[in-house]
Each structure stands twice: as structure tokens, then as C-alpha cells.
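Survey of secondary and tertiary structure
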Amino acid sequence: MNLLEVKSVCKTYGTGEAAIHALKNVSFSVPRGEFVAIVGESGSGKSTLLHMIGALDLPTGGKVFLDGKDIFSMDDHNLTIFRRRNIGFIFQAFHLIPELTVEQNILFPILLDYKKPDKGYLEELLTVLNLTERRNHLPHALSGGQQQRVAIGRALITRPALILADEPTGNLDTQNSSEVIALLKKASRNYAQTILMITHNRSIAASADRVLNVSDGVLTDLGGVSNEKLS
Ligand SMILES: Nc1ncnc2c1ncn2[C@@H]1O[C@H](COP(=O)(O)OP(=O)(O)O)[C@@H](O)[C@H]1O
Ligand SMILES: [Mg+2]
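This report concerns the structure included in the present document. (Residues numbered from 1 in each chain as written. Chains lettered and ligands numbered in written order. Predicted model: local features only at pLDDT ≥ 70, side-chain atom pairs only at ≥ 80, totals over all residues. Heavy atoms only, no water.)

Points about the sheet that holds strand 2 (residues 20-31)
Here 4 strands make up an open sheet; going across it, the order is 2-1-4-5 and the pairing antiparallel. Only two strands of the sheet have a single partner each, and these edge strands are strand 2 and strand 5 (69-70). Across 8 bridges, the pairing between strand 1 (residues 2-13) and strand 2 is antiparallel. Directly across from E5, in strand 2, lies its bridge partner S29. Contacts from helix 1 (residues 46-53) reach strand 1, strand 2 and strand 4 (61-66) within the one sheet, and its direction differs from that of strand 2 by about 60°. (Pairing = 2+ DSSP bridges. Helix = DSSP H or I, 4+ residues; strand = E, 2+ residues; numbered from the N terminus. Contact = heavy atoms within 4.5 Å. Axes fitted to C-alpha atoms, helices over the stretch in contact; angles between N-to-C directions.)

As C-alpha cells, then:
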């Protein structure tokens, strides 16, 4: 069964003459464990698509099924819990909690669910994200790249079935960026986590299992793509 099914999703912002048709009848599905890159020009609708799939905003039409569940049919309370347990968000705005340390920020989604943290996985994430020596620091004492890596750790700690990432390596240097991509790939290979990642980096997109292109609100499946074909 597909982990994710997007069916005829439309999103229009505004009305009348000011209406912007950001998504036009977008349909696709993603099997469990697939690593999908989303590419397309600025303003084409990529972020809007991830917002719909994460149920952060309502579409104008269409449905999204995650693990067989119609996410827009849930009430706010159930949706909040479902989202926390099943979706990891890695967006441009980090939304770290200023009063909590690096380690506490990463563990936060686990603690909200009254679950016991997997200490081994926490250490692995801190190591791969190069945050071990910063684990007791507060967010204000970190660089932008370090804050982004904390947000990535927080998205991964619950091992969510679906990870939605909007240019997750946008603020990182080449070294950190390839480590983060390797970490996401490992998550998809080892734990069958499904990853949808917006990227402008051609070689990162070429290394994905599949590439989806968004152009003026229309989605096209490019399949597995070589670096040359993406230029
Ligand atoms: N909250 C919003 N209100 C009105 N228009 C929006 C909003 N968010 C995005 N848009 C518009 O929708 C289109 C798609 O935007 P977006 O999904 O952010 O594109 P991308 O992520 O590919 O750069 C753009 O024309 C943008 O201006
Ligand atoms: Mg965007």
C-alpha cells in the first residue's frame, strides 16, 4: 500500500481577479520508504504542496491520504496528535523553543507524547548532526546552520513515517549538507521512512529515488533522473 496518496489537490489563494491558483489538480502517490525530490522554479507551488500534505493549511479541493487515513476528515485535536506521531517537518523557520537546550528541543516531540526517548538514537542524531558539544546550549547561542540541524534532529527523533522537508540544506555548508542528506537517506533505507524533499540542488535531486517537478501549480513525475537531465 502507498504511504501517501494525493488526489486532485487544488489550492487557490484569494478570490476573483486576485486569485492565485497555486496548485492545479495535483495527484500522485508515494510508497513507504521512497526518497522523493521536489524541484521547480520559485513561486511554482512547491511549499504550498508540502503545506497541504502536512495539513498545515486546507486545500481548495481534493484529498490527501496518509497511511490510508483521510487527513482532512480529522478534527483539530486528532489531527494534531496524528501529525506529531506520523510527520516530521523540516522547514525554513526552525521554531525552536528558546528556553530549552539543544537536546531538550530535539526530544520535545517525544516528551509531548509521554514516550521514553531512544537514548541511542538521540546520541546518533547528535553525532551525525554535529551537535554533541552543543547539546546543553540554548538556541540563541547557535549559528543558523546549527539551529537548522537541531530542527532536523527534532523532526527525526520520533522516526515519523513521513518527513516533509523544504530545502533542508538551504542554510548549510557543503560538508554539513551532504551529512544531512546521508542521514535522510539512511532514514528512508533503514527505517522505511518516506521523504518528500524540496531542493534546488541538482545533484541532491539526482540522487533521489524519484523526482517530481512543479511548474505553475502543475505536477509532473520525472521518475528517476540523472544529473544531466535536470539542467
Ligand atoms: N499564504 C499565501 N497567500 C497568498 N498567496 C500565496 C500564499 N502562499 C503562497 N502564495 C502564492 O502561491 C504561489 C506558490 O507559492 P509557493 O508554494 O510558496 O511556491 P514555491 O515554494 O515553489 O516557491 C506563489 O504565486 C505565491 O505567491
Ligand atoms: Mg517555497
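Examining the pattern of salt bridges
The final tally for this structure, using the stated rule, is 14 salt bridges. Between K186 and E124 there is a salt bridge, with the nearest N and O atoms lying 2.6 Å from each other. Separated by 62 residues along the polypeptide, K186 in helix 6 (residues 174-191) and E124 in helix 4 (residues 119-128) bring together distant segments of the chain. One salt bridge connects D209 with R189, and the closest N-O pair in it is separated by 3.3 Å. Of this pair, D209 sits in the loop between helix 7 (202-206) and strand 9 (210-215) while R189 sits in helix 6; the two residues are 20 residues apart in sequence, bridging distant segments of the chain. Shared partners join several salt bridges into a network, and the residues in it are R84, R85, D113 and K115. (Salt bridge = Lys/Arg side-chain N within 4 Å of Asp/Glu carboxyl O.)

Remarks on the packing of helix 3 (residues 102-112) against helix 5 (residues 144-156)
Remark: helix 3 packs on helix 5, axes separated minimally by 7 Å, with the N-to-C direction vectors making an angle of 30°. For the element pair helix 3 / helix 5, the angle class is roughly parallel. Regarding helix 3 and helix 5, the two cross each other, and that crossing is right-handed. For the pair formed by helix 3 and helix 5, the contact residues are V102, N105, I106 and P109 on the first element and V150, G153 and R154 on the second. (Parallel < 35°, antiparallel > 145°, perpendicular 65-115°, else oblique. Left-handed = near helix turned anticlockwise from the far one by under 90°.)

Re the pairing of strand 10 (residues 218-223)
Pairing of strand 9 with strand 10 involves 5 bridges; the strand directions are antiparallel. The residue bridging S215 from the neighbouring strand is V218, located in strand 10. Connecting strand 9 to the next strand, strand 10, in antiparallel fashion are 2 residues, including D216 with a positive phi near 50°.

Here's the deal with the site of ligand 1
In the neighbourhood of ligand 1, the contacting residues comprise Y13, I20, A22, E41, S42, G43, S44, G45, K46, S47 and T48. G45 has a polar backbone atom sitting 3.1 Å from an oxygen atom of ligand 1. A distance of 2.8 Å separates an oxygen atom of ligand 1 from a polar atom in the side chain of S47. Protein burial of ligand 1: of its 560 Å² of free accessible surface, 58% is covered by the chains. For the shell around ligand 1, the secondary-structure elements that each account for two or more residues are strand 2 and helix 1. Among the elements that line the shell around ligand 1, the one with the most residues is helix 1, at 3 residues. (Near = heavy atom within 4 Å. Polar contact = N/O pair within 3.5 Å; in protein donor to acceptor, adjacent residues only side chain to side chain. Areas by Shrake-Rupley, 256 points an atom, 1.4 Å probe, with all protein chains shown as cover.)

Concerning the nonpolar core
I106, L156, I157, L184 and M197 are the most contacted members of the largest nonpolar core, which has 37 residues in total. Secondary structure elements with two or more residues in this core: strand 3 (35-39), helix 3, helix 4, helix 5, strand 7 (162-166), helix 6, strand 8 (194-198) and helix 7. If near-sequence neighbours (up to four positions away) are discounted, I157 is found in contact with I106, L107, P109, I110, Y121, L122 and L125. Residues L79, F82, F91 and A161 belong to the second largest nonpolar core, which totals 31 residues. (Core = buried A, V, L, I, M, F, W, Y, C linked by side-chain atoms within 4.5 Å. Buried < 20%, exposed > 50% of the residue type's maximum accessible area, 1.4 Å probe, protein only.)

Re the packing of aromatic side chains
Centre distance and the angle of the planes are the two values used to describe a pair of aromatic rings. Inspection of the entire model under this criterion finds 2 aromatic pairs. Relative to F91, the ring of F89 lies with its centre 5.4 Å away and its plane at 75°, an arrangement referred to as edge-to-face. Assessed through its relative accessible area of 17%, F91 is described here as buried. With 5.8 Å between their ring centres and 75° between their planes, Y121 and Y191 make a pair best called edge-to-face. Of this pair, Y121 sits in helix 4 while Y191 sits in helix 6; the two residues are 70 residues apart in sequence, bridging distant segments of the chain. A relative accessible area of 4% places Y121 in the buried class. For R159, the ring lying beneath its charged end belongs to Y121, and the centroid distance is 3.9 Å. R159 extends its terminal NZ or CZ atom over the ring of Y191, reaching a point 4.1 Å from the ring centre. (Phe/Tyr/Trp six-rings, centres within 6.5 Å; stacked < 30°, edge-to-face > 60°. Lys NZ or Arg CZ within 6 Å of the ring centre and 35° of its normal.)

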